[in-house]
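Each chain is listed here by its residues.
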Protein chains: 2
Amino acid sequence: MIRLDASAPDFATAFAALVDARREADEDVARDVAAIVARVRDEGDAAVRDLTQRFDRHSLDWRIDRADCLAAWEGLPSELRDALELAAERIAAYHLKQKPEDRDEIDSAGIRLGARWRPVDAAGVYVPGGRAAYPSSVLMNALPAKAAGVGRLVMVTPAPDGQINPLVLAAAHLAGVDEIWRIGGAQAIAALAYGTETIAPVDVITGPGNAWVAEAKRQLYGVVGIDMVAGPSEIVVVADAKNDPEWIAADLLSQAEHDPTSQSILFTDDAAFGDRVAEAVDRQIAVLATGATARTSWDANGAIIVVPDLVDALPLVDRLAPEHLELACDDAEALFDAVRHAGSVFIGRHTPEAIGDYVAGPNHVLPTGRRARFASGLSVLDFMKRTSFLALDEAGLAAIGPAAVALAGAEGLPAHARSVSIRLNQ
Amino acid sequence: MIRLDASAPDFATAFAALVDARREADEDVARDVAAIVARVRDEGDAAVRDLTQRFDRHSLDWRIDRADCLAAWEGLPSELRDALELAAERIAAYHLKQKPEDRDEIDSAGIRLGARWRPVDAAGVYVPGGRAAYPSSVLMNALPAKAAGVGRLVMVTPAPDGQINPLVLAAAHLAGVDEIWRIGGAQAIAALAYGTETIAPVDVITGPGNAWVAEAKRQLYGVVGIDMVAGPSEIVVVADAKNDPEWIAADLLSQAEHDPTSQSILFTDDAAFGDRVAEAVDRQIAVLATGATARTSWDANGAIIVVPDLVDALPLVDRLAPEHLELACDDAEALFDAVRHAGSVFIGRHTPEAIGDYVAGPNHVLPTGRRARFASGLSVLDFMKRTSFLALDEAGLAAIGPAAVALAGAEGLPAHARSVSIRLNQ
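Given the structure is predicted, the values throughout are model-derived calculations rather than measurements.

Visitor: In this structure, what is going on with the overall build of chain A? I would like to understand it.
Guide: When its secondary structure is counted, chain A shows 17 helices and 14 strands. Seen through its C-alpha atoms, chain A measures out along the principal axes to roughly 85 × 55 × 45 Å. Residue burial in chain A is summarised as follows: out of 426 residues, 61% are buried. Taking as baseline every contact in chain A between residues at least 6 positions apart, the subset at least 24 positions apart corresponds to 75%. Summed over all atoms, the accessible surface of chain A reaches about 15,100 Å², with 51% contributed by carbon and sulfur.

Now the structure itself:
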């Protein structure tokens, strides 16, 4: 953890280093992934079978029956079923309201024009397997696709040594996933993108994964749609001294426990409060089951930054463009109004970021690594596409056609010009 | 040009081959582009200077003054100025209506949640240089960024041998571009993405380019936002025998003249009409200034497909998911209702595709190569991003917090659980 003071003479340099620090794994996986993708494209099932044997050490049938998902659901403690149902209900409600409206207008020149949204035919959701099983990710990826109206929703999830976490299957049941395949890694992404003898191709692939999965999605962007390039999780907390330091420490640790590359940053206008939070972080880490990961993350990437006034934090926050931003202070609303770049904002002292990870409704798939400058969280729009349309009659074409003929001529495209002028000269 | 009959026994195989045919340049530019991108990232201006000298053969100052753009504008014939102004007015009007609405709601649990859209700070538009100068592309890329409210709009365009087409500068003047740089190729994309000593970085890069430009955008996707992976242009025309074959031939040629890799496909329910269109294509190519390109495209990639009824064309059109779809028939409206996948649809006999390239209003930057299955044309949304937000009070957290604690516990993330439970136990 580094401590910075915005009033110190070397602050600009130190903060720039924090902004530019690369936390993303620099593994050179591109070549391996390209080879896997090409093999799956060319060899289909045989390649997926071989790679699954090699990486996941099993040769089980890939297909997971929906009956297995139902059984997993019914096997959950009722407390978890209730929690998942509350989450699903709220996530579905939030995302249904994202559905865009079509346009169909006639303008002053009598020209009909508009745009129409339709869901993609098929979407694939990648769900990581192994120790960490995130049913919340199943809901956050599958439910927006359902809300969009996607007809065929496919899930792939690896089963290392043949094992699958029942929580993931239970969430798939709840979300209404149509097909589930027990495959993972770059080979699963390639199978979804190109299709194989067994698995029909999809149009969009979303969901988190390791470096191989992320690189496969990147390489196949254009063959299919993808959600985004995801990096390590991060949180920025802007907090005044009226907060309980234990609360703020807990929030910082809720990101730090994700991964050694996660990042937690506190902005405060009170250096002594910052010290109390740092002490609380240390106390909490000591008793946390995920303390080793959180320790590494906090030590390597954590920061406490003291600013003269909390409003002074805002331009710094915008430069970080964090995935998650908590505003735990009296004037949270005013600060929120001024923030330009953040994936999701959590306003007020009773809105810990983790509430948004699970049950609040908005999506927890959010842009990381400063990408909130230009990218948005996962939404219904990622599973839909827009078709624009035009309808002109003779009068409409007479009104605007000559301008098109002039421009096509100037651009040296005579067939463009002719396709308009031939209709004007009748 | 191939002729297919949907009633023929081998049609399924032949059509599948048409759908799967790769028309995109298979040049192996990835390695060259990666080297250029890395050099610009590491060496900044010096690399751009060197690469501009090498590829564009000039060492002029990169900066183009806005006064030069004004002069170019004033030097245009008034007919072209009027045409560009009409186009700009209609494009701006169409795209302003794309601006999404913010959401700010309080739900039944008393929880405030919503989403807010903001423009990116800076956008870069790539405009190809050389012989083909497309002022319409300047408008189609710059005006949506302006409509989004982008504060800093940057244009880059190469100047082979120091030459720049005044039409492009005039369009930049009209569109209100803030900065123009006389650089191009992968080096210009990298300069925009990373910034150099001279050029500040941008957040989003859009605009067409050659294979190097496209590959640079693909490689830098994630560092910046990009519009899409673009391929050769294509048109599908669905036409009955009541059309003038010359009109339909002109429409097919308006795509064929773009590039040897462009594709034009006619679906008709009348084989004799198809023959008349084919004859008209040959007649028109013979007198077309762009006839050589159109000939190559039509011979290599053109198709006339006879279907028993025009509605039988629709599932085939959806498989092609064409960039442009013209419906020139009596029941165009009914066909339009049933189409699922197309970038833009042109309804009725008086709506040639070229009208949409220039002046109608909707964007002419559209998904190619079957990407309309999942992608949309360029829009205001490409220059904006959405921030979701949440605000809970004690009662709201009490209502949904326990479910979050349960799920975080099940996912093995105790710090997530604690950041919620610590606020519940007060």
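Visitor: What is the right way to look at the UniProt feature "binding site: NAD(+)" (unreviewed entry) in chain A in this model?
Guide: Residue and element names in this part refer to chain A. Within the UniProt annotation, "binding site: NAD(+)" (unreviewed entry) is assigned to Tyr126, Gln187 and Asn210. Spanning 85 residues, the named residues nonetheless gather at one spot, since no C-alpha pair among them exceeds 12.6 Å. Note on placement: glutamine 187 falls in helix H8 (residues 185–194). Excluding anything up to four places from it in sequence, glutamine 187 contacts Ile36, Val40, Val48, Leu51, Thr52 and Phe55. Counting through the fold element by element, asparagine 210 comes out in the loop between strand E7 (204–206) and helix H9 (211–220). Given a relative accessible area of 44%, asparagine 210 falls into the partly exposed group. In terms of polar contacts, asparagine 210 uses its side chain to reach the backbone amide nitrogen of tryptophan 212, at 3.0 Å.

Visitor: Explanation requested: the layout of surface pockets in the structure shown.
Guide: The method is simple in principle: a probe with the dimensions of a water molecule rolls over the atoms, and the space it marks as empty is what remains. Put simply, the second largest pocket is a space of about 650 Å³. Around the second largest pocket, the lining is made up of 23 residues, and of these A:Lys99, A:Pro100, A:Glu101, B:Pro100 and B:Glu101 lie nearest the centre. Of all the elements in the fold, those that place two or more residues in the lining of the second largest pocket are strand E3 (112–119) of chain A together with strand E4 (112–119) of chain B. Classifying every residue of the lining of the second largest pocket gives 9 nonpolar, 3 polar and 11 charged.

Visitor: Would you explain empty space enclosed by the protein in this entry?
Guide: In the structure shown here, the tally under the stated rule is 7 cavities of 30 Å³ or more. Lining the largest cavity are 39 residues, with A:Ile226, A:Asp227, A:Asp382, B:Ile226 and B:Asp382 positioned closest to its centre. Elements with a minimum of two residues in the lining of the largest cavity: strand E8 (225–226) and strand E14 (384–391) of chain A together with strand E9 (225–226) and strand E15 (384–391) of chain B. Broken down by element, the lining of the largest cavity gets its largest block of residues, 3 residues, from E14(A). For the lining of the largest cavity, the per-class residue count stands at 20 nonpolar, 10 polar and 9 charged.

Visitor: Looking at this structure, how should I read the interface of chain A and chain B?
Guide: Interface size is commonly expressed as the accessible area that is lost once the parts come together. On the side of chain B, 127 residues touch chain A, which itself brings 127 residues to the contact. For the side of chain A that touches chain B, the leading source of residues is helix H16 (residues 394–410) of chain A, giving 10 residues. Considering only residue class, the side of chain A that touches chain B consists of 68 nonpolar, 27 polar and 32 charged. Of the pairings in the sheet, the one linking E14(A) to strand E14 (residues 344–347) of chain B comprises 4 bridges and is parallel in character. Bridged to A:Phe389 within E14(B) is B:Val345.

Rules used throughout
Residues numbered from 1 in each chain as written. Chains lettered and ligands numbered in written order. Predicted model: local features only at pLDDT ≥ 70, side-chain atom pairs only at ≥ 80, totals over all residues. Heavy atoms only, no water. Helix = DSSP H or I, 4+ residues; strand = E, 2+ residues; numbered from the N terminus. Buried < 20%, exposed > 50% of the residue type's maximum accessible area, 1.4 Å probe, protein only. Contact = heavy atoms within 4.5 Å. Areas by Shrake-Rupley, 256 points an atom, 1.4 Å probe, with all protein chains shown as cover. UniProt positions renumbered as here; feature names shortened; annotations may be inferred. Polar contact = N/O pair within 3.5 Å; in protein donor to acceptor, adjacent residues only side chain to side chain. 1 Å grid on protein atoms, 1.4 Å probe; cavity = no way out; pocket = protein on both sides within 12 Å on 5 of 7 lines; lining within 4 Å. Points joined across faces, edges and corners; volume = space filled by probe spheres on them. Nonpolar A, V, L, I, M, F, W, Y, C, P; charged D, E, K, R; others polar. Pairing = 2+ DSSP bridges.

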